[in-house]
Amino acid sequence: AQKITQTQPGMFVQEKEAVTLDCTYDTSDPSYGLFWYKQPSSGEMIFLIYQGSYDQQNATEGRYSLNFQKARKSANLVISASQLGDSAMYFCAMRMNYGGSQGNLIFGKGTKLSVKP
Amino acid sequence: ETGVTQTPRHLVMGMTNKKSLKCEQHLGHNAMYWYKQSAKKPLELMFVYNFKEQTENNSVPSRFSPECPNSSHLFLHLHTLQPEDSALYLCASRGAAVSSETQYFGPGTRLLVL
């Protein structure tokens, strides 16, 4: 069965430093997508970055990069130069591209990131 | 307006009330989703609509009734809810290309059932 695991319930990082949020996934499908979302205390889920299972290069979006290691089934989010506004919950999610649930997302339990000034 | 909007943002209701949550997307997407997010639980998928047709009902109790009159609007009708239904309800939408489209979320409705 498909599954997303985020093992860090909470993380602290000093402002302006980089931080890595861990995500591992489990699927037997060859085609899937991996996403990271940010959820501030306001509640909205904000899309950050996407990695397709066939993408050869790691995805980057501004200060966000996704460290995709397919053999290890990991998709860690790296945030460079942390800012106070990065304090939020971060969710890793996987999209199935096949089967009856294609297009649906499975979410991990999330990691609460706190940026210290 | 742009993106995905949800109204109301906050809702308090009694167990005997009937209320509705509304979601509207301005992205030209064809698929819409309802999720429930309870405290300390992963996001739970409730319903999926593709081109106005319900394609998934994730064993949701009948006190939650979705309605999708067109590809831009999605409703969640609530009646005789229980206190454990208190949660953040998130709506999302996605374009037609399953393998390449991202789900975009609305701001959510925080529901409190008394």
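Residues numbered from 1 in each chain as written. Chains lettered and ligands numbered in written order. Predicted model: local features only at pLDDT ≥ 70, side-chain atom pairs only at ≥ 80, totals over all residues. Heavy atoms only, no water.

L34, W36, I49, L77, Y90 and L113 of chain A are the most contacted members of the largest nonpolar core, which has 24 residues in total. Taken together, the elements giving at least two residues each to this core come down to strand 3 (19-21), strand 5 (32-39), strand 6 (46-52), strand 8 (64-69), strand 9 (74-79), strand 10 (88-96) and strand 12 (111-116) of chain A. With four residues, the top contributor of residues to this core is strand 10 of chain A. Setting aside chain neighbours within four positions, we find I49 of chain A in contact with L34, F35, W36, A59, T60, E61, Y64, S65, L66 and L77 of chain A. One finds W34, M46, C68 and L81 of chain B within the second-largest nonpolar core, a separate group that totals 22 residues. (Core = buried A, V, L, I, M, F, W, Y, C linked by side-chain atoms within 4.5 Å. Buried < 20%, exposed > 50% of the residue type's maximum accessible area, 1.4 Å probe, protein only. Helix = DSSP H or I, 4+ residues; strand = E, 2+ residues; numbered from the N terminus. Contact = heavy atoms within 4.5 Å.)

Another point: the sheet that holds strand 1 (residues 4-7) of chain B. All names here are of chain B. What the four strands build is an open sheet, ordered 1-3-8-7; its pairing is antiparallel. The sheet is open, and its two edges are formed by strand 1 and strand 7 (64-70), each paired on a single side. Shown here is a sheet whose adjacent strand axes are inclined to one another by a mean of 20°, direction ignored. Relative to strand 8 (residues 73-79), strand 7 is paired through five bridges, and the arrangement is antiparallel. (Pairing = 2+ DSSP bridges. Axes fitted to C-alpha atoms, helices over the stretch in contact; angles between N-to-C directions.)

What follows deals with unusual backbone geometry. Following T7 of chain B, the chain continues into P8 of chain B via a peptide bond in cis, with omega recorded as -10°. Its location among the elements puts P8 of chain B in the loop between strand 1 and strand 2 (10-13). The backbone phi angle of K16 of chain A is positive, close to 80°, even though this residue is not glycine. In this structure, K16 of chain A sits in the loop between strand 2 (10-14) and strand 3. For K73 of chain A, which is not a glycine, the phi torsion comes out positive at approximately 55°. Within the fold, K73 of chain A resides in the loop between strand 8 and strand 9.

Let us look at the pattern of salt bridges. Close approach of charged atoms lets side chains of opposite charge pair. Within this structure, the stated rule accounts for three salt bridges over all chains. Residue R63 of chain A is joined to D86 of chain A by a salt bridge in which the shortest nitrogen-to-oxygen separation is 2.8 Å. With R63 of chain A in the loop between strand 7 (60-61) and strand 8 and D86 of chain A in the loop between strand 9 and strand 10, the pair connects residues that are 23 residues apart, well separated along the chain. By relative accessible area, R63 of chain A is classed as partly exposed at 22%. Take D86 of chain A: its relative accessible area is 2%, and that puts it in the buried class. For R63 of chain B, the salt bridge goes to D85 of chain B, with nearest N and O atoms at 2.7 Å. With a gap of 22 residues between them, R63 of chain B in the loop between strand 6 (53-57) and strand 7 and D85 of chain B in the loop between strand 8 and strand 9 (87-94) connect regions that are remote in the sequence. Exposure class is identical for R63 of chain B and D85 of chain B. Each is buried. (Salt bridge = Lys/Arg side-chain N within 4 Å of Asp/Glu carboxyl O.)

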